[in-house]
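Commentary on secondary and tertiary structure
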Amino acid sequence: QVQLVESGGGLVQAGGSLRLSCVASVGTYDMGWFRQAPGKEREFVACIWWLGGSTYYGDSVKGRFTISRDNAKNTVYLQMNSLKPEDTAVYYCAAQNTPTNTCGTSMYSYGAWGQGTQVTVSS
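What comes next is a walk through the structure. Note that the structure is predicted; figures quoted are calculated from it, not measured. (Residues numbered from 1 in each chain as written. Predicted model: local features only at pLDDT ≥ 70, side-chain atom pairs only at ≥ 80, totals over all residues. Heavy atoms only, no water.)

1. Details of the side chain of glutamine 96
- As for its position among the elements, glutamine 96 is in the loop between strand S9 (89-95) and strand S10 (112-113).
- Given the relative accessible area of 14%, glutamine 96 is considered buried.
- A polar contact of 3.4 Å, which involves the side chain of glutamine 96, links it to the backbone nitrogen of threonine 98.
- Separated by 2.5 Å, the side chain of glutamine 96 and the backbone oxygen of serine 109 make a polar contact.
- In contact with glutamine 96, other than residues within four places in its own chain, are Thr28, Tyr29, Asp30, Ser109 and Tyr110. (Helix = DSSP H or I, 4+ residues; strand = E, 2+ residues; numbered from the N terminus. Buried < 20%, exposed > 50% of the residue type's maximum accessible area, 1.4 Å probe, protein only. Polar contact = N/O pair within 3.5 Å; in protein donor to acceptor, adjacent residues only side chain to side chain. Contact = heavy atoms within 4.5 Å.)

Here it is in structure tokens:
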């Protein structure tokens, strides 16, 4: 079972930036980022296809967040710019264990999850 470890979360002022990283213990296929705020359901943020190139974003982060990956390092990144207080949540990295034709936007598409990293955006 692949293990995922996120890092890079923290406290930032509105309008600021953070970059999250997620390192996998072995090579993976599609990878995604989800987030969950207190009292809310887990929300899709972004995903990247295992062969690279194809990415998808949730409507609330389009144009502000960028997902990328370095397969040589088994690492996926989430660059978050123009952060808003409503971006405050625990951010989770997820990995797909089988090859696909496109990365999934549903949490049920992923078989492995990290422990999460807290992102707090102050107003």
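2. Topic: the pairing of strand S11 (residues 117-122)
- Going residue by residue along S11, you find Thr117, Val119 and Val121 tucked away on one face and Gln118, Thr120 and Ser122 left uncovered on the opposite face.
- Pairing between strand S2 (residues 10-13) and S11: 4 bridges, direction parallel. Residue valine 12 lies in a different strand from S11, and its bridge partner there is valine 121.
- Relative to S11, S9 is paired through 3 bridges, and the arrangement is antiparallel. The partner of valine 90 across the bridge, within S11, is glutamine 118. (Pairing = 2+ DSSP bridges.)

3. Notes on the sheet that holds strand S3 (residues 18-24)
- Pairing within the open sheet is antiparallel, and its 4 strands lie in the order S1-S3-S8-S7. Each of the sheet's edge strands pairs with one partner strand only, and the pair in question is strand S1 (4-7) and strand S7 (65-70). The mean angle between the axes of side-by-side strands here comes to 15°, regardless of whether they run parallel or antiparallel.
- Here 6 bridges tie S7 to strand S8 (residues 75-80), and the two strands are oriented antiparallel to one another. The residue of S8 that forms the bridge with threonine 66 is glutamine 79. (Axes fitted to C-alpha atoms, helices over the stretch in contact; angles between N-to-C directions.)

4. Thoughts on the pattern of salt bridges
- In the structure shown here, the tally under the stated rule is 4 salt bridges.
- Linking glutamate 43 and arginine 35 is a salt bridge whose minimum nitrogen-to-oxygen distance equals 2.8 Å.
- Given the relative accessible area of 32%, glutamate 43 is considered partly exposed.
- Since its relative accessible area comes to 6%, arginine 35 is described here as buried.
- Residues aspartate 87 and arginine 64 are paired through a salt bridge, measuring 2.7 Å at the closest nitrogen-oxygen approach. One end of the pair, aspartate 87, is in the loop between S8 and S9; the other, arginine 64, is in the loop between strand S6 (55-57) and S7, and 23 residues separate them in sequence.
- One salt-bridge network, held together by shared partners, links Arg35, Glu43, Arg64 and Asp87. (Salt bridge = Lys/Arg side-chain N within 4 Å of Asp/Glu carboxyl O.)

From the geometry alone we can't say anything about function, so treat these as descriptive.
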